[in-house]
Each structure stands twice: as C-alpha cells, then as structure tokens.
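Now for the letters of each chain:
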Amino acid sequence: MADKTTEVRLAFLAALENVANADELEKLRVEYIGKKGYVTDLLKEMKSLSNEEKKTFGQAVNVLKNEVNEKIAEKREDLKKKEIELENSRMPEFDISMPANLERGSYHPITLVQRQCEEIFKSMGFTVEDYSEVVTDYECFEALNIPKDHPARDMQDTYYLDNGQLLKTHTSAAQNAIYKKYRDQLVNEGKPIKAIFPGRCFRNEATDACHENTFFQMEGVMVGKNISISNLIFFMKTMLSEVFRKDIKVRLRPGFFPFVEPGFELDISCLICGGEGCPSCKHSGWLELCPCGMIHPEVLKAGGIDPEEYTGFAFGLGLTRLAMMKYGVKDIRDLNSGSLKTLSQFTDDK
Ligand code: DAH
C-alpha cells in the first residue's frame, strides 16, 4: 500500500510541475484532494487492511494530503508573483530624468500675453498677485462703490452660488483685498502700492465674435502720495509699446466706472482691420483695451486708505482682447474652443 501513496505522490508532483495558471491549479487540487480525488480514494482502500496496517497507511495518506495542500498553496503564491512580474514587464518604463517632450503642446495665447505683461510690470516694480475666482458681493461691487441698486450692476450680470458668493465679473474685485494687504507698508514705510492681478472673469451674457462669458483681465493699481493721471498714462504707454513692439494708435476718452473718478477708456486702433472696421471691433475701427482712471476716494476708504493723504490709479486691461490683437485672432470664441489646431499656432516669441 505504501507503494500506492508514493505512486500518487509522484504523479501529483509531476502534474504540478506542468501547471501554468490558477485554473489548472484548481483542477489539479480537485483531482487529488477533492471528494473523489486520488488521495481521498486511497483512504477508501483501507477497509481491506488490518488494524495495524490501517494506522501506518492512514498516517501516510494524511501526510500526503498535507503535502498536496502545502504544495498547492506554494504554487498559488508562485503563480501570483509571476503574474505581477508579467504585468510589470508590460508597463511602460517611466524615466523621471528624461527631458520633457516639448513637441507635445504649446502655451495658450492668453498665457503668453499674461506672462509678457507680468514681466513688463514686474520690471517696473509691480508685484503680481493671485486672487480667487469666487468672490463676495462686497468685493465685486460694494467695495468698488457699486451699491446694491446701482445701475452699473446691470452691465455685469454673473453666475451666483447658493451661498450668495459669485464668479467675479472683473479683476477689480481683488482691489479691496490688495489695499488691505499692503496699506500698512504704505502708511508705515511710505512704500507705494504697486500691484497687478491677472485673472479669469465671468459674465452671464450672449457670446459673439468679441464677447465671451469667460475671459481674462489684468487689473493694476498704484497708490501712493501724489500719484496722478500722468503716472497712469506713462505706465499704459510703456506697457503697450513693450507688448506690441511697434507704434500703436491709442486714444483716451472719458468713461464712467463707479470706482474711478475721473474714468477713461483707453482704446487702441483695431489691428485686425487696421482701423477700417470689422466684426472684431464692432465696425468702429477702435477697440476698448484698457479702461482706467483715478481710484475713487470711497474705494480707497473701503480699503482702509485715507484719500486725503493718498491717491492712485487703477486699470483693467482686457488680456483676452490683447491676445486677440497681438495674435490676430478674429473670433474670441476660438480662444476657449480647446481646438489644438488653432491654439498650437502660437509660440512664445519673447
Ligand atoms: N472692471 C472694469 C470692467 O471690467 C474695468 C475697469 C475700468 C477697471 C476702470 C479699472 C478701471 O481698474 O479703473 O468693466
């Protein structure tokens, strides 16, 4: 009988060698130690044995059964390891020291002009500030001298959150926070506030070639002692000549914004049609690029700055418009289209 256990054992070990996956292993397990398996069958043969023989044979079969169990468990682990190795070998190697593949994408034209403007203003001593897209009614309107029922609100309908906050309609919404951030430096150290804050803005309005519900602006402020309109004009001119690197026809005309007094519209001659008139400039030949003005005393007060002692200018540069002019994009909607064919034509020409 001992021969029989050895025979079954050797057959099992040989079969185990050839097992290639979990399914085959399970089949083998059933074949040997399942209810009708070879090892189980051995026990049935005990009937014909003497008591003494039953004892040794029974022990031998039990040892065999344990061995089969163990070997199957080992094989299972082994197969799992091999499977993981195989999966890993199929994964693409990721080499963090590889140089980036710069062929893959390009900067969005708005990012390009934004960075260029940031560099220009940084070189003139301005800080670049980041501000959230979700703001309060106070920041977006009230602190800017636009009370609840002011008609100016009609021009800036936006998207409201359930909690009363809103998506900012203009980068001017950051002015109040910037004044509060720097007023101590202004008062205690006599350091003028010079900051720009680019950002995404939102308006609930119909879109056409020159209007979008999502666009970018770059606000700038300078507050200090004796800041005047001449300072404003100087910074605007410097910025435009640096961005376009050519002479641009500019006009300044009065404009109304509740947060500045006096307020201006700074227009540039449309570069798409050369001033002839086209859909991009609403057929006027001019494009409102950078409304600006002297900061209203109420706005300074809301920012904790004494308007008797300090004055300042503010401007709201239309970054999206600037990108359109600089790169000759005729339809504003192309910029948000996500079309790589359109967007990948622009490169950093700095
Ligand atoms: N926030 C205004 C708008 O989006 C633009 C603006 C006008 C900003 C005059 C200014 C300013 O800083 O002085 O319509």
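Rules of the game
- Residues numbered from 1 in each chain as written.
- Predicted model: local features only at pLDDT ≥ 70, side-chain atom pairs only at ≥ 80, totals over all residues.
- Heavy atoms only, no water.
- Helix = DSSP H or I, 4+ residues; strand = E, 2+ residues; numbered from the N terminus.
- Rg over C-alpha atoms; globule rule 2.2 N^0.38 Å.
- Buried < 20%, exposed > 50% of the residue type's maximum accessible area, 1.4 Å probe, protein only.
- Contact = heavy atoms within 4.5 Å.
- Areas by Shrake-Rupley, 256 points an atom, 1.4 Å probe, with all protein chains shown as cover.
- Lys, Arg positive; Asp, Glu negative; His and termini not counted.
- Charge placed at Lys NZ, Arg CZ, Asp CG, Glu CD.
- Core = buried A, V, L, I, M, F, W, Y, C linked by side-chain atoms within 4.5 Å.
- Pairing = 2+ DSSP bridges.
- Patch = residues over 30% accessible without salt bridge, like charges linked within 9 Å, V, L, I, M, F, W, Y side chains within 5 Å.
- Salt bridge = Lys/Arg side-chain N within 4 Å of Asp/Glu carboxyl O.
- Near = heavy atom within 4 Å.
- Polar contact = N/O pair within 3.5 Å; in protein donor to acceptor, adjacent residues only side chain to side chain.

Novice: For the overall build of the protein chain, give the residues involved together with the corresponding values.
Specialist: Looking only at helices and strands, the protein chain features 11 helices and 10 strands. The C-alpha radius of gyration of the protein chain comes to 39 Å, more than 25% above the 20 Å expected for a compact globule of 350 residues. A burial count over the protein chain gives 42% of its 350 residues as buried. Taking contacts inside the protein chain between residues at least 6 apart in sequence as the whole, the part at least 24 apart equals 68%. When the accessible surface of the protein chain is summed, it comes to about 20,100 Å², and 50% of that surface belongs to carbon and sulfur atoms. Side-chain charges in the protein chain split into 46 positive and 55 negative, and the spacing between the mean points of these groups amounts to 3 Å.

Novice: Now, about the nonpolar core: what can you tell me, with residues and values included?
Specialist: With 47 residues, the main nonpolar core has F121, I268, F315 and L317 as its most contacted residues. Of all the secondary structure elements, the ones that give two or more residues to this core are α5 (109-123), β5 (214-224), α8 (229-244), β7 (260-269), β9 (292-295), β10 (311-318) and α10 (319-327). Among the elements that take part in this core, α8 stands out by supplying 7 residues, more than any other. For F315, the residues in contact, after removing those within four places along its chain, are F121, I196, M218, E219, G220, M236, C290, P291 and C292. I178, I193, F259 and L300 belong to the second largest nonpolar core, which has 27 residues in total.

Novice: Lay out the pairing of strand β4 (residues 193-202) with the relevant residues and their values.
Specialist: Burial analysis of β4 places 8 of its 10 residues in the buried class, the great majority of the element. Note that β4 and β5 share 10 bridges and pair antiparallel. Within the sheet, the bridge partner assigned to I193 lies in β5 and is V223.

Novice: Tell me about a nonpolar patch on the surface, residues and numbers included.
Specialist: Among the surface-exposed residues, I229, I233 and L252 lie close enough to one another that they form a single nonpolar patch of about 210 Å² accessible area. With respect to the helices, strands and loops of the structure, L252 is situated in strand β6 (residues 250-254).

Novice: Tell me about the pattern of salt bridges, and name the residues and values.
Specialist: For the coordinates displayed, the defined rule picks out 19 salt bridges. The salt bridge partner of K80 is E77, with a shortest N-O separation of 3.9 Å. With a gap of 3 residues between them, K80 and E77 both fall in helix α4 (residues 51-90), about one helical turn apart. For K80, a relative accessible area of 48% translates into the label partly exposed. For E77, a relative accessible area of 47% translates into the label partly exposed. Each of D137, E142, K148 and R153 takes part in a single network of salt bridges with overlapping partners.

Novice: Account for unusual backbone geometry, naming residues and giving values.
Specialist: Working note: non-glycine residues mostly have negative phi, and peptide bonds are mostly trans. Cis geometry marks the peptide bond from E261 to P262; its omega dihedral reads 0°. In this model, N226 sits at a positive phi of 60°, which is unusual for a non-glycine residue. Tracing the backbone shows N226 in the loop between β5 and α8. Using a relative accessible area of 72% as the deciding quantity, one classes N226 as exposed. One non-glycine residue, K282, lies in positive phi territory at about 50°. Mapped onto the elements of the fold, K282 is located in the loop between β7 and β8 (286-288). Judged by its relative accessible area of 55%, K282 falls in the exposed class.

Novice: Explain the site of the ligand residue by residue, including any values.
Specialist: As a structural note, the neighbourhood of the ligand is formed by 16 residues, with H170, S172, R203, Q217 and E219 the closest of them. Here an oxygen atom of the ligand sits 3.5 Å away from a polar atom, N or O, in the side chain of Q156. A distance of 3.3 Å separates an oxygen atom of the ligand from a polar backbone atom of F315. Counting only elements with at least two residues in the shell around the ligand, the list comes to β5, β9 and β10.

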